Structures are given as C-alpha cells and as structure tokens.
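Commentary on secondary and tertiary structure
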Amino acid sequence: MRFYVNIDHVATVRQARRTDEPDPVRAAELAESAGADGITVHLREDRRHIQDRDVELLRRAVRTVLNLELAVADEIVAIALRLSPHQATLVPERREEVTTEGGLDCVRGKERVAAVLARLKEAGIRTSLFVTPDSESLAAAALLGPDAVELHTGRYAREWRERRDALAELEAGGRAARAAGLAVHAGHGLTYENVDAVAAIPEIEELNIGHSVVSRAVLVGMERAVREMRERIDRARAGA
Ligand code: PXP
C-alpha cells in the first residue's frame, strides 16, 4: 500500500509567522527518507498554507512522487499543467472551511470536472477525484473516467469509535470503485488510532495522511512520525 504524506501543515506553521521555517521541502525529504511513497500538497486558492513557490520547489526536490490537490479553478489548473506533478487530485474548496469538508460534486459540477480531467490527462498527469464513498457519488465520479477516486474518510474519522457503518460504507465504496475499473485511494482525518481498519481494505492502494502525522512530527520529529505511521499501515495491511 502506498503511503503519501500531506505536508500542508508544515507550511501552516511557517505561514503563522510568514517566515521561512519550517521548510516544506526539508519536511518532504525527511518523510521520504522515513518511508513515504509520495508527498501530497494542496495549493489552495486562498494560499493559506502551501504557496506557489513551494510547489515549484517540491516538484524539483521530491524523489518519490508529488500528488497535487487542487480545486477546479482555472488559475490553479494552469499551475498544475505547467508543473506536471505525477498526480493531480481534484477536491472541492470553500474559502470559509477549515479543511476540505465534503467530496467533489460530480453531478452538478460534471462539465467543469470533465473539462479539467481532459486537460490533465492530455498533459500526461494521473488523475484522481476526491469523493464521498456513497454509491451515487462514486457512480457519478466513475462516469467521468478518472484514473482513481480518493474515498473521503471524514465520516469514518468522526464516527469510528461509536459505529461501524462508516467503515462498511468505505469497504463497499472500495469494491464499487474497483469494479468500475478505478484505482482506489483514501484519506482525510486518518490518525495513528483509526488508520488500521482503512489500511486493511484490500481495494485501497494509496492513503493520504497529513494532519495527524505533522502533529506527531511536532513532538517527535518528522522521520519518527512517518516511520510509526508506515509501520501501522504495513502491519494492518498484513493482517497483523
Ligand atoms: N486527502 C485529501 C483529498 C485532502 O484534501 C486532505 C486534507 O488536505 C487529506 C487527504 C489529508 O487529510 P488529513 O490532513 O486530515 O490527514
């Protein structure tokens, strides 16, 4: 299973003072040396954490692969096309949200999403759509023909202690997406405590995890934080 580390919140700390530390490029290097398979960043329209220059530097510095999360917004799409990351994950974005709240609307937004997908594909960029794991959203996403869908694990992350139906929904979503011929990714709100059950879903081949890893990195260092999450994922995957 691929484990991509989202380093947005390294930039959040830097932007709190608008200085040059901590450096997301250095964080990416440490994450890679500790076993990350890829580095994920979200270039938001409001530039609240990752900046254009970060993406440019990471595009050159990342030795694994760069997964760029972006909204269906012309200015950001143009940056993705220019920098040509390994993968582009289309996400919904609202200015007032604290983090990406829902999945992409592939019903009402289908023309715009399809147009952006076509441009990214033409540029040779692997495409993924971030969607809620219900069957309607997945069917709508599959019709647009991305390479992958990333299942939004936000509901699971909120409810995993009390209920099991959010996990069941992810499991069913994984099967449905795979049956539709899509690669299956997952992420959002995953932590050292709740990642195991998601990592054990066989259809899921990639996890994107940010806040929990960066939070732990503040206390124990990036390499140890990444290594510990890597070990958890690999153990859960092996059925241990
Ligand atoms: N996947 C996507 C598409 C996201 O937008 C985010 C948040 O930026 C994540 C994964 C990572 O979520 P978290 O920071 O909660 O691990």
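Everything quoted here is computed from the prediction, not taken from an experiment.

1. Re the sheet that holds strand β2 (residues 38-42)
- If you walk around this closed barrel you meet the eight strands as β1-β2-β3-β4-β5-β6-β7-β8, and the pairing is parallel. Between one strand axis and the next, the sheet turns by 25° as a mean value, whatever way the strands run.
- As judged from the four bridges shared by strand β4 (residues 87-90) and strand β5 (residues 126-131), these two strands associate in the parallel manner. In the strand pairing of β5, Ala-88 is matched with Thr-127.

2. Details of the site of the ligand
- As a structural note, the neighbourhood of the ligand is formed by 14 residues, with Glu-69, Glu-150, Gly-189, Gly-210 and His-211 the closest of them.
- In this structure, Gly-189 approaches the ligand through a main-chain N or O atom, which is 2.8 Å from an oxygen atom.
- Taking His-211, its main chain carries an N or O atom lying 2.9 Å from an oxygen atom of the ligand.
- Coverage of the ligand by the protein amounts to 94% of the 400 Å² it exposes when considered alone.

3. Side note on the packing of aromatic side chains
- By the definition in use, this model includes zero aromatic pairs.
- Against the face of Tyr-192 rests Arg-216, its NZ or CZ located 5.9 Å from the ring centre.

4. Comments concerning the nonpolar core
- Core analysis: the biggest nonpolar cluster contains 72 residues, and Ile-7, Leu-90, Leu-129, Leu-207 and Val-213 have the highest contact counts within it.
- With six residues, the single largest contributor to this core is helix α11 (residues 222-237).
- Residues contacting Ile-7, with those up to four places away along its chain left out, are Pro-24, Ala-27, Ala-28, Ile-39, Thr-40, Val-41, Ile-50, Leu-58, Val-214 and Met-222.

How each quantity is defined
- Residues numbered from 1 in each chain as written.
- Predicted model: local features only at pLDDT ≥ 70, side-chain atom pairs only at ≥ 80, totals over all residues.
- Heavy atoms only, no water.
- Pairing = 2+ DSSP bridges.
- Helix = DSSP H or I, 4+ residues; strand = E, 2+ residues; numbered from the N terminus.
- Axes fitted to C-alpha atoms, helices over the stretch in contact; angles between N-to-C directions.
- Near = heavy atom within 4 Å.
- Polar contact = N/O pair within 3.5 Å; in protein donor to acceptor, adjacent residues only side chain to side chain.
- Areas by Shrake-Rupley, 256 points an atom, 1.4 Å probe, with all protein chains shown as cover.
- Phe/Tyr/Trp six-rings, centres within 6.5 Å; stacked < 30°, edge-to-face > 60°.
- Lys NZ or Arg CZ within 6 Å of the ring centre and 35° of its normal.
- Core = buried A, V, L, I, M, F, W, Y, C linked by side-chain atoms within 4.5 Å.
- Buried < 20%, exposed > 50% of the residue type's maximum accessible area, 1.4 Å probe, protein only.
- Contact = heavy atoms within 4.5 Å.

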